[in-house]
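Structural overview for review
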Amino acid sequence: MKCPAAVLVALVAGSVSAWGGLDGARMSGAERLEVVTVPTPAEFFAAINKAGKPDWAAFYRDPVPTTYPTRPQAALNLGALVADGFVAVEAQDGQQVKNTGKDIIALARALGVGEEVLGRGKSIGDFADKGDWFALREELEATTNEVRQAMAAQRDEALSSLITAGAWLRALQVGSRAVALSREEQCAELLRQSALVAFLRAELQRLPEKARTGPVVSEADAVLADIGAQMDAPADAAFGIERAAGINARAAGFISGMSAKKQP
């Protein structure tokens, strides 16, 4: 899989930054917004896809529960499911998209916001039947935004932040595996996103103390800190396939543990 340099400068329309990362000025400005738009896993996967054609279906995982003991765990897994939906779109697998869409709606219902996105579930199914992959990306993103907005309306910022963190941790798990399998040093540069990870951590660290010190938020923050350290390669040095493998191992272990019905 070849990774032309042009892939590394893909712009994210409507986000707070270009795909290359969030600079300091934009970061400080973004933090003043009540609802912040960050690059989505869809853009990340699209950048990887431009470099070649990974076997996206190889990144599917076994079905996960659609109910969890705590709302924070459910929110994080909902985010991870959204990333799974984007993986299925890249694989152009309509049935897998529909299956994932149903699970997203089920988890949203468990969080008390299922009615707000019920219509989105039908649209996801319709677009999947038509093979309209562009519309499916848009619909998955809109579904995520509506769930997050519903969480914000309920003054539950912790759940909103965990949805975003879950989506990105699952996306980094998939993306780092794709990069490691490519064995292309240039592809690894797609994972140089330490500013984005810092931004996600800042969202979690701004939460009220009770939410911030809860086990799910604490573990998510610790994993993001470890991944950020893996990403912190000198700008003038190659990122390296080894770093990609390290990111994958950390993200995969966390996502696997969090998707279990009962926490250890």
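You'll find the structure just up there.
Another aspect to go through is the packing of aromatic side chains. A complete count under the given rule lists four aromatic pairs for this structure. Between W56 and F59, the aromatic rings sit 6.0 Å apart at their centres with planes inclined by 75°, giving edge-to-face as the arrangement. A connected cluster of aromatic rings, assembled from ring pairs, spans F44, F45, W56, F59 and W168.

Further remarks concern helix α2 (residues 41–50). Among the 10 residues that make up α2, seven are buried, leaving the element largely enclosed by the rest of the structure. P41, A42, F44, F45, A47, I48 and N49 are the residues of α2 that are buried. Those residues of α2 hidden inside the fold are in contact with α3 (71–90) and α7 (157–182).

Let us look at the pattern of salt bridges. All chains considered together, the criterion is met by 13 salt bridges. With its nearest N and O atoms 3.9 Å apart, the salt bridge here joins R155 to E157. Under the relative-accessibility criterion, R155 is labelled exposed at 60%. With a shortest N-O distance of 2.8 Å, R192 and E189 are connected by a salt bridge. Looking at E189, the relative accessible area reads 23%, which means it is partly exposed. Within the structure, one salt-bridge network assembled from shared partners comprises R61, D84 and R170.

Attention now goes to unusual backbone geometry. Positive phi is not limited to glycine here, since Q92 has a value of about 55°. In this fold, Q92 is placed in the loop between α3 and α4 (94–110). Since its relative accessible area comes to 48%, Q92 is described here as partly exposed.

So, on to α4. The α-helix advances 3.6 residues per turn, and as a result positions three or four apart in sequence lie on the same side. Compared with an ideal rise of 1.5 Å per residue, which puts 17 residues at 24 Å, α4 spans 25 Å between its outermost C-alpha atoms and is within 8% of the ideal. Looking at the buried residues of α4, the elements they touch are α3, α5 (118–130) and α6 (133–153).

In contact at an axis separation of 9 Å, α3 and α6 are set at 170° when each is read in the N-to-C sense. One element, α3, and the other, α6, form an angle in the roughly antiparallel class. For the pair formed by α3 and α6, the contact residues are R71, L78, V82, G85, F86, V89 and E90 on the first element and W133, L136, R137, L140, E141, T144, V147 and M151 on the second. Its residues assigned to classes, the contact of α3 with α6 comprises nine nonpolar, two polar and four charged.

Here is what the cut-offs are and how they apply
- Residues numbered from 1 in each chain as written.
- Predicted model: local features only at pLDDT ≥ 70, side-chain atom pairs only at ≥ 80, totals over all residues.
- Heavy atoms only, no water.
- Phe/Tyr/Trp six-rings, centres within 6.5 Å; stacked < 30°, edge-to-face > 60°.
- Buried < 20%, exposed > 50% of the residue type's maximum accessible area, 1.4 Å probe, protein only.
- Helix = DSSP H or I, 4+ residues; strand = E, 2+ residues; numbered from the N terminus.
- Contact = heavy atoms within 4.5 Å.
- Salt bridge = Lys/Arg side-chain N within 4 Å of Asp/Glu carboxyl O.
- Expected span 1.5 Å × (residues − 1).
- Axes fitted to C-alpha atoms, helices over the stretch in contact; angles between N-to-C directions.
- Parallel < 35°, antiparallel > 145°, perpendicular 65-115°, else oblique.
- Nonpolar A, V, L, I, M, F, W, Y, C, P; charged D, E, K, R; others polar.

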